[in-house]
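Chain residues, written in single-letter form:
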Amino acid sequence: MTEATQVHGVLDSHGERAAPLQTVYVYEAPVRLWHWINALAIVVLATTGYFIASPLPSTPGEASANFLMGYIRFAHFASGYVLAVGLLGRIYWAFVGNAYARQIFTLPLWDRKWIWGILYELRWYMFLVKRPQKYVGHNPLAHLSMFLLMLLLTFMVVTGFALYSEGAGRDSWQYKLFGWVFSIWPNSQDIHTWHHLGMWGVVIFVITHVYTAVREDIMSRQSLISAMISGERVFRDDIDS
């Protein structure tokens, strides 16, 4: 943690005043590594998943000479494993990392300041207020969004491995761990549909996430994009909330 000039109006994740620091080390290396690997895995999964659901037209020539869909499926399955292992690693780091590493796994629903922060951030993103609140960790709205994303990613991993187990067989570890999903949706096409809808939910989150990160970096005068590279949150001015 490095100290610089004082910044007024900087809040912690629960809306309390944080220490008068302009540069705060927030995101540890494992969190940053997970973020970027997870982002890459999601891009590959969304792209290949789209083509699995809507296959490309047939290619000319002998079937043995064309393995395009096979490569697409392999990339999808490999990225799915990366996503699943990364999710387990991220959960582990929530226990051994700093306070900001575990923030997105719990919701302080009983905290009125946190609820107020969600409403304030919604107004800020809709240009209804002139000044942003400044948070060392995730702001309340981002906190809630990341929590919901973790639930969605868990759902995608569970349904994805359940679908994978159909090809792996009933003796596979995938079916032993995730075959129970078929007791909820006996028709595997229903699982395909929910898995596909989940993909679009992740895509919508990514688009919103990129927009808000760029917007906050510019308008709130606090670093978000570079913070996920260096780990340090930088507050560029002394605007008082």
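Predicted model only: the values in this text are computed from it and were never measured. (Residues numbered from 1 in each chain as written. Predicted model: local features only at pLDDT ≥ 70, side-chain atom pairs only at ≥ 80, totals over all residues. Heavy atoms only, no water.)

1. Let's talk about the packing of aromatic side chains
Evaluation of the coordinates by the stated rule reveals 13 aromatic pairs. Ring geometry for Phe67 and Tyr71: centres 5.1 Å apart, planes at 90 degrees, overall edge-to-face. Taken together, the aromatic side chains of Phe77, Tyr81, Phe161, Tyr164, Trp173 and Phe178 make up a single cluster linked through ring pairs. It is Arg215 that lies over the ring of Trp124; its NZ or CZ is 4.8 Å from the centre. Taking NZ or CZ as reference, Arg215 lies 4.4 Å from the ring centre of Phe127, over its face. (Phe/Tyr/Trp six-rings, centres within 6.5 Å; stacked < 30°, edge-to-face > 60°. Lys NZ or Arg CZ within 6 Å of the ring centre and 35° of its normal.)

2. Some remarks on the pattern of salt bridges
Using the criterion set out here, one finds one salt bridge in the structure. Close ionic contact of Arg215 with Glu216 constitutes a salt bridge, the shortest N to O distance being 3.5 Å. (Salt bridge = Lys/Arg side-chain N within 4 Å of Asp/Glu carboxyl O.)

3. Thoughts on the packing of helix α1 (residues 29–53) against helix α7 (residues 188–219)
Look at α1 against α7: their axes get within 10 Å of each other, and the N-to-C directions meet at 135 degrees. Considering their axes alone, α1 and α7 lie oblique with respect to each other. The handedness of the crossing between α1 and α7 comes out as left-handed. Along the contact surface, α1 presents His35, Ile42, Ala46, Gly49, Tyr50 and Ala53, while α7 presents His196, Met199, Trp200, Val202, Val203, Val206 and His209. For the contact of α1 with α7, the class distribution of residues is nine nonpolar, four polar and no charged. (Axes fitted to C-alpha atoms, helices over the stretch in contact; angles between N-to-C directions. Helix = DSSP H or I, 4+ residues; strand = E, 2+ residues; numbered from the N terminus. Parallel < 35°, antiparallel > 145°, perpendicular 65-115°, else oblique. Left-handed = near helix turned anticlockwise from the far one by under 90°. Contact = heavy atoms within 4.5 Å. Nonpolar A, V, L, I, M, F, W, Y, C, P; charged D, E, K, R; others polar.)

4. Digging into the packing of helix α2 (residues 68–96) against helix α4 (residues 140–168)
At a minimum axis separation of 10 Å, α2 and α4 run at an interaxial angle of 135 degrees. For the element pair α2 / α4, the angle class is oblique. The element α2 and its partner α4 pack so that their crossing is left-handed. Across from Phe77, Tyr81, Leu83, Ala84, Leu87 and Arg90 in α2, the residues of α4 making contact are Met150, Leu153, Thr154, Val157, Phe161 and Tyr164. Here the residues of the contact of α2 with α4 are counted per class, giving 10 nonpolar, one polar and one charged.

5. So, the confidence of the model for the protein chain
Mean pLDDT over the protein chain: 87, with 88% of residues reaching 70 or higher. Across the protein chain, α4 holds the top mean pLDDT of 96, while strand β1 (residues 10–11) sits lowest at 53. Below pLDDT 50 for its whole length, residues 1–9 participates in 27 contacts with residues either more than four positions away or in separate chains. Scored below 50 in pLDDT, residues 13–21 makes 27 contacts in the model with residues more than four places away or belonging to other chains. (pLDDT = per-residue confidence, 0-100.)

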